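# Structure assessment
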Amino acid sequence: MRFFSPPSWLIIICSLALAAALGAGCDGRPRFKSTDITGVDYGKTLELTDHTGRPRRLDEFRGKVVVVFFGFTHCPDVCPTTLADLSQVLKALGPDADRVQVLFVTVDPERDTPEVLGKYVGAFDPRFLGLYGDAAATQRAAREFKVYYEKRKTSDGYSIDHSGQTYVIDPQGRLRLFVRPDRLASDLPEDLRTLVKESS
């Protein structure tokens, strides 16, 4: 009996088709719409207090996908837009939203008291947690996630310039995704579903 040996180009096409069907890259990782930063050496710890007064550590949320965003309640644009987008993302997830925790870390603890934070994040979604710390704890958290922020004087007081990215941490506590502000609504629902399924 003779065996048919397919040409090399056919083998390549079939291999590519199989990889596409599995939805994975050559290294076996799932394909994400957001920037995959799996393996970076930062974003491993977070120790702050939530708006209810409870001390929080990042490892408390093991088993859930954690979405982390740094901002402040007086922010005129990117912060409310980001939280509104994240609220819509959770709605789009349906029952899977129960396996996701959104953390809003203030870079303005001087004005963002627990009461202010609670009202602010609760206006977007009651499941969101606002986190705060003193100046030193805020700096440590921002450094750990490579977030830039700087107070800037204005005619009526001050504002804060800050980074606008959102980070996603998987249920094992590993930093996995970097999401641009303009891509949250379009990319994040599918990416979060992927990470939820990955841990099922």
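Residues numbered from 1 in each chain as written. Predicted model: local features only at pLDDT ≥ 70, side-chain atom pairs only at ≥ 80, totals over all residues. Heavy atoms only, no water.

With that out of the way, let us pick up the sheet that holds strand β4 (residues 65-71). Taken together, the 8 strands give an open sheet; going across it, the order is β1-β10-β9-β4-β5-β6-β2-β3, and neighbouring strands pair in mixed fashion. Lying at the two open borders of the sheet, with one neighbouring strand each, are β1 (35-36) and β3 (55-57). Examined bridge by bridge, strand β2 (residues 47-50) and strand β6 (residues 129-132) share 2 bridges and lie antiparallel to one another. Within the sheet, the bridge partner assigned to Asp50 lies in β6 and is Leu131. Helix α5 (residues 184-198) contacts β4, β5 (100-106), β9 (166-169) and β10 (175-179) of the sheet and is inclined by roughly 170 degrees relative to β10. (Pairing = 2+ DSSP bridges. Helix = DSSP H or I, 4+ residues; strand = E, 2+ residues; numbered from the N terminus. Contact = heavy atoms within 4.5 Å. Axes fitted to C-alpha atoms, helices over the stretch in contact; angles between N-to-C directions.)

A word on the pairing of strand β7 (residues 149-154). Relative to strand β8 (residues 157-162), β7 is paired through 6 bridges, and the arrangement is antiparallel. Across the sheet, residue Glu150 finds its bridge partner in β8, namely Asp161. Connecting β7 to the antiparallel partner β8 that follows it, the hairpin turn spans 2 residues.

Now for the pattern of salt bridges. The final tally for this structure, using the stated rule, is 16 salt bridges. The residue Glu47 makes a salt bridge to Arg57 at a minimum N-O spacing of 3.2 Å. One end of the pair, Glu47, is in strand β2; the other, Arg57, is in strand β3, and 10 residues separate them in sequence. Look at Arg57 and you get partly exposed, because its relative accessible area is 39%. Via salt bridges that share partners, Asp50, Arg54, Arg56 and Glu60 belong to a single interconnected network. (Salt bridge = Lys/Arg side-chain N within 4 Å of Asp/Glu carboxyl O. Buried < 20%, exposed > 50% of the residue type's maximum accessible area, 1.4 Å probe, protein only.)

This part covers the nonpolar core. In terms of nonpolar packing, the biggest core is built from 52 residues, with Leu46, Phe70, Leu103, Val168 and Leu192 touching the most fellow members. In contact with Val168, not counting residues within four places along its chain, are Val65, Val66, Val67, Arg174, Leu175, Arg176, Leu177, Val179, Leu188, Leu192 and Leu195. (Core = buried A, V, L, I, M, F, W, Y, C linked by side-chain atoms within 4.5 Å.)

On to the side chain of Asp191. Structurally, the position occupied by Asp191 is in helix α5. An unpaired buried charge is present at Asp191: no salt bridge exists, and Lys33, the closest side chain of opposite charge, is 7.1 Å distant. Beyond its immediate chain neighbours, meaning those up to four positions away, Asp191 contacts Phe32, Lys33, Ser34 and Leu177. (Lys, Arg positive; Asp, Glu negative; His and termini not counted.)

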